[in-house]
Structure formats: structure tokens, C-alpha cells
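Overview (structure and organization)
One-letter residues, chain by chain:
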Amino acid sequence: MKIKDIKIFVSNPGRNFVTVKIITDNGVYGLGDATLNGRELAVVAYLEEHIIPCLIGKDPHQIEDIWQYLYKGCYWRRGPITMTAISGIDMALWDIKGKVANLPVYQLLGGKSREKIKVYGHANGQNIDETLDNLGHLVDEGYKAVRLQCAIPGLDGTYGTLDGKKDYYELQSNRPLPPEQLWDTSEYLNFIPQLFQKAREKYGMDIELLHDVHSRLTPIEAARLGKTLEPYNLLFLEDCVTAENQSGYQQVRQHTTTPLAVGEIFNTIWDAKELLENQWIDYIRTAVTHAGGITAMRRIADFAAIYHVRTAPHGPPDISPIGHAAHAHLNSWTPNFGIQEFIGFGGAPLNEVFKHPLVFENGHLLINDKPGLGVDFDEKAAKKYSYKKSYLPISRLRDGTLWNW
Ligand code: CS2
Ligand code: MG
């Protein structure tokens, strides 16, 4: 069996997605997600210029060798563009292997460790009452775990709150430059505990609650937040500190028992090495689309298991249904799976372009037994929704200093 052609599709059925299609000489094809939010076309150029020419004629069953060829063989290891491109190719190869074997990908990984995949949704709001109302709607829909993000009074456009926008964090509208938001750490630290206190007063201790700091704090500030939130029993506090310097998490860890999660922007197992082997975190949030595909996610999960760390893959709306399906296969297998972020699949255009195998039921995702990843992609429909340049926002402190968004 040989790779005959590889096609890349860029579409915007609600937001931008980069889809990889590997076509083989016996007619079987595989699909992968290579979406890197805000930098989509850089990945497309990498795939088209530097990867596709090397893969034509190769045996698609050689997933491991192709992964090593693309990772070690380019000399310039790691990085979000390279690793997103490798991820898209890797997913498509696993899809092909599953289709040829007539087995869903989770079977190729070793079979199911669980029947259903626990997920957490997002409740956002402009104030505490609105956030808690949205939490109530998710509880009614069956969610057992919910991330709470609330606008900080006086700050214009806090992370995770919609701020009247119809899109998620950023406008999908050929916007010329990144939108700017204000940030103030002490206002945030004073406000967030009230949100969780009120959530517990209203909904009790049974619902699992989470919060994403989006890397806005220093280690000692994050330690203080973790400590203050302890009475509210979070499932985890996400991205409390940036992780280029992994030992920042050691400092947070020394001060709080609030469980810690990080990893959505990691590209490889190396980004998580010290965090895992020192047991500074509780959940590793690498994504199949950005950390090297199924081949790499499997290794990260096994390495994490040694250190009692569970997986909680990043599941934002900027990962396509192909990436979400790949997560569902991984999550079905991963013995040390924790929870999957999942906020549902947008509107009609998205479901018109991607036909996926996932069903949300009572706070969990269920996956069917279709061979491969189980997703189909409607190329004709995708053509109707063309790419729109879109940037994630940036943050500035009140004095104008650029901060982490
Ligand atoms: C977020 C993301 O889901 C999350 O936890 O941190 O939504 C993130 O901001 C976006 O995926 C960026 O593209
Ligand atoms: Mg996050």
C-alpha cells in the first residue's frame, strides 16, 4: 500500500480548520486535524512545501517510521508549526490503519478501558449571576463537571467570557489585528474566590468545578489563588502559571492541595518532562492536534501514568471534530484518563462539513464502532466556507505592559 496523494483543506464553518486528507493507492483515505488557531496558514505551508513531497509513495502503515522521519528527519525538532503538521499526518495515518483493519482506532490502541468519556463544559458570564445561570443550564443538560470563567468587574473583556461576541474568544471575520484586553492581577485574585463561593452555595459540592487562569499569574500568586480556592474543591486549576520554566509549578505545589493542570500549548513530551517526573501537576492537557498526534499522545499518557498524573486533553472549539474524535479514541483506551474538555459542536455549518461519531449523553461522550477515527469530511460543503484571517486576543496591564492572554 502506498500514499498516492495528500490534500490540505482550509475551511471556516464557524471558525478556521485545517484538514489533512491522505489518499492511498487502494482508495482508502485518512483524515487528520492540523488546526493551529491564529496560525493556520503557516501549518498549511509547512505541510505543502516540506512534508507532502516526502511522503508520496511511502507505505501508510509505517506510522512510527513516518513520525520519526518527520520529527528527527527535519533537524529542527519541536515547535507548534512542525508538531501540528506532524499531528495532522499522524491522525490521518491511524485513520487509514483502522479503516484497512476494519477496526476503530481505540481497538488498535489496545481496546477500551471505559465505556464512556467524562467531559467538562464551559459556563461563562459577564457577572457572577449570569455565570451561575449558565452553570445551571449545563447541569440541566447533564454535565457533571463545568469550568467557570467570569468577567472581572472593571476589566474590559476577561479571558473566557464572550463579551457580547458571537464567536468564542475572537472574531472570525478577517479582523486585521489581534483584539486587546485589559488585565489586573489583584482585581482578579480578589474576585475569583467569590465566584466559586457563590457557585458552591447555589449548587452544592456534587458538581465538579474547574477554572482556567490562562497563565496570567506568577507562581506565588497562583499559590495564593490555589490556597484560597481549596474550600471549593476544584477538580483542577488550569494553566495557573506559564510552563516554559517548569519548576514554577513546584512553587505552586508547595503551597496548595488544589489539583493543577497544564499542557494545552505543549508540543512534545519534553515540555512536560519535569512537571511529570516531579509530580508537580495532576492532569496533563496536551492535545492530539498540537503534541504530535496519536503516536505522541499515547507515549505522554504512559509516561504520566508512572507519576499518578491523569490525562485531560485540550478540547476547545478550535480543534476540529477530527481532533475531538481522535481524543475520544485515545480517552477510551488511556488507562489513566481523567476528563475531556468538550463544549459541544457549533452550529449547522460545522456539522455539515464534518460528520463525526460522537454523542453527548448525561455528562459523557460516547463513540461508535466505525473503523478508523469514524469522521467524514464533506469537501464540497467545506468549499462554501472560506478561510478568514483571525487572531486570538492579547492582554495588557493598565499601564500598557504586554501580559499573557
Ligand atoms: C482554552 C483554549 O480551552 C481552553 O482551556 O485555554 O480555549 C484556548 O484559549 C484556545 O484553544 C486558544 O486557541
Ligand atoms: Mg485552557
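Residues numbered from 1 in each chain as written. Chains lettered and ligands numbered in written order. Predicted model: local features only at pLDDT ≥ 70, side-chain atom pairs only at ≥ 80, totals over all residues. Heavy atoms only, no water.

1. Details of the overall build of the protein chain
The helix and strand inventory of the protein chain stands at 13 helices and 18 strands. By the compact-globule yardstick of 22 Å for 405 residues, the protein chain fits well, its C-alpha radius of gyration being 21 Å. Along the first, second and third principal axes, the C-alpha set of the protein chain runs to 60 × 45 × 45 Å. In the protein chain, which comprises 405 residues, the share counted as buried stands at 57%. Sequence-distant contacts, at least 24 apart, represent 72% of the contacts inside the protein chain between residues at least 6 apart. Carbon together with sulfur atoms contributes 51% to the accessible area of the protein chain, which is approximately 16100 Å² in total. Mean positive and mean negative side-chain charge positions of the protein chain (42 and 48 charges, respectively) differ by 4 Å. (Helix = DSSP H or I, 4+ residues; strand = E, 2+ residues; numbered from the N terminus. Rg over C-alpha atoms; globule rule 2.2 N^0.38 Å. Buried < 20%, exposed > 50% of the residue type's maximum accessible area, 1.4 Å probe, protein only. Contact = heavy atoms within 4.5 Å. Areas by Shrake-Rupley, 256 points an atom, 1.4 Å probe, with all protein chains shown as cover. Lys, Arg positive; Asp, Glu negative; His and termini not counted. Charge placed at Lys NZ, Arg CZ, Asp CG, Glu CD.)

2. Concerning the environment of Gly142
Tracing the chain through its elements places Gly142 in the loop between α5 (128-141) and β5 (145-150). With relative accessibility at 9%, the residue Gly142 sits in the buried group. For the pair Gly142 and Gly226, spaced 84 residues apart in sequence, the C-alpha to C-alpha distance is 27 Å. Setting aside anything within four residues of it in sequence, one finds Gly142 in contact with Phe360, Asn362 and Gly363.

3. Topic: the coordination of the magnesium ion (ligand 2)
Bound to the magnesium ion (ligand 2) on the protein side are Asp212 (OD), Glu238 (OE) and Glu264 (OE), at distances that span 1.9 to 2.2 Å. For the magnesium ion (ligand 2), the donor residues sit on a single chain with the sequence spacing D-x25-E-x25-E. With a gap of 52 residues between them, Asp212 in strand β7 (residues 208-212) and Glu264 in the loop between β9 (260-262) and α9 (273-277) connect regions that are remote in the sequence. In this pair, the class of Asp212 matches that of Glu264, namely buried. (Donors = N, O, S within 2.8 Å, 3.2 Å for Na, K, Ca; no water.)

4. With respect to the pairing of strand β15 (residues 364-367)
The pairing of strand β4 (residues 117-125) with β15 spans two bridges and is classified as antiparallel. Counted as the bridge partner of Lys118 is His364 from β15. In this sheet, β15 lies alongside strand β14 (residues 358-361) in antiparallel orientation, the contact comprising four bridges. Within β15, the position partnered with Phe360 by the bridge is Leu365. Taken together, β14 and the strand that follows it, β15, pair antiparallel across an intervening segment of two residues, in which Asn362 is found at a positive phi of about 50 degrees. (Pairing = 2+ DSSP bridges.)

5. Some words on the packing of aromatic side chains
Considering all chains together, one arrives at twelve aromatic pairs under this definition. Relative to Tyr307, the ring of Phe303 lies with its centre 5.4 Å away and its plane at 85 degrees, an arrangement referred to as edge-to-face. The same class applies to Phe303 as to Tyr307, namely buried. Above the ring of Tyr29, the side-chain terminus of Lys21 is found at 4.3 Å from the ring centroid. Above the plane of the ring of Trp183 lies Arg216, whose end atom (NZ or CZ) is 4.6 Å from the centre. (Phe/Tyr/Trp six-rings, centres within 6.5 Å; stacked < 30°, edge-to-face > 60°. Lys NZ or Arg CZ within 6 Å of the ring centre and 35° of its normal.)

6. Quick notes on the nonpolar core
Ile89, Tyr249 and Ile294 are the most contacted members of the largest nonpolar core, which has 112 residues in total. Among the elements that line this core, the one with the most residues is helix α3 (residues 80-101), at nine residues. Not counting the four nearest positions on each side in its chain, Ile294 is found in contact with Asp90, Met91, Trp94, Val105, Leu109, Val288, Ala326, Leu330 and Leu373. (Core = buried A, V, L, I, M, F, W, Y, C linked by side-chain atoms within 4.5 Å.)

7. Brief notes about the sheet that holds strand β18 (residues 402-403)
Here three strands make up an open sheet; going across it, the order is β6-β17-β18 and the pairing mixed. Each end of this open sheet is capped by a strand with a single partner; those strands are β6 (180-183) and β18.

8. Side note on the site of ligand 1
Inspection of the region around ligand 1 gives 15 residues, with Tyr159, Tyr169, His214, Glu264 and Glu341 positioned closest. One nitrogen or oxygen atom from the side chain of Glu264 is found 2.6 Å from an oxygen atom belonging to ligand 1. Within the side chain of Arg285, one N or O atom sits 3.2 Å away from an oxygen atom of ligand 1. Taken by itself ligand 1 offers 340 Å² of open surface, and the protein chains cover 95% of this. Considered class by class, the residues forming the shell around ligand 1 number five nonpolar, three polar and seven charged. (Near = heavy atom within 4 Å. Polar contact = N/O pair within 3.5 Å; in protein donor to acceptor, adjacent residues only side chain to side chain. Nonpolar A, V, L, I, M, F, W, Y, C, P; charged D, E, K, R; others polar.)

9. Describing the state of the cysteines
One pass over the structure, following the stated rule, counts zero disulfides. A disulfide-free cysteine, Cys54 has its sulfur positioned 10.0 Å from the sulfur of Cys74, the nearest such atom. On the basis of relative accessibility, which here comes to 31%, the residue Cys54 falls in the partly exposed class. Cysteine Cys150 remains unbridged, with the sulfur of Cys240 as its closest cysteine sulfur at 20 Å. (Disulfide = S-S within 2.5 Å.)

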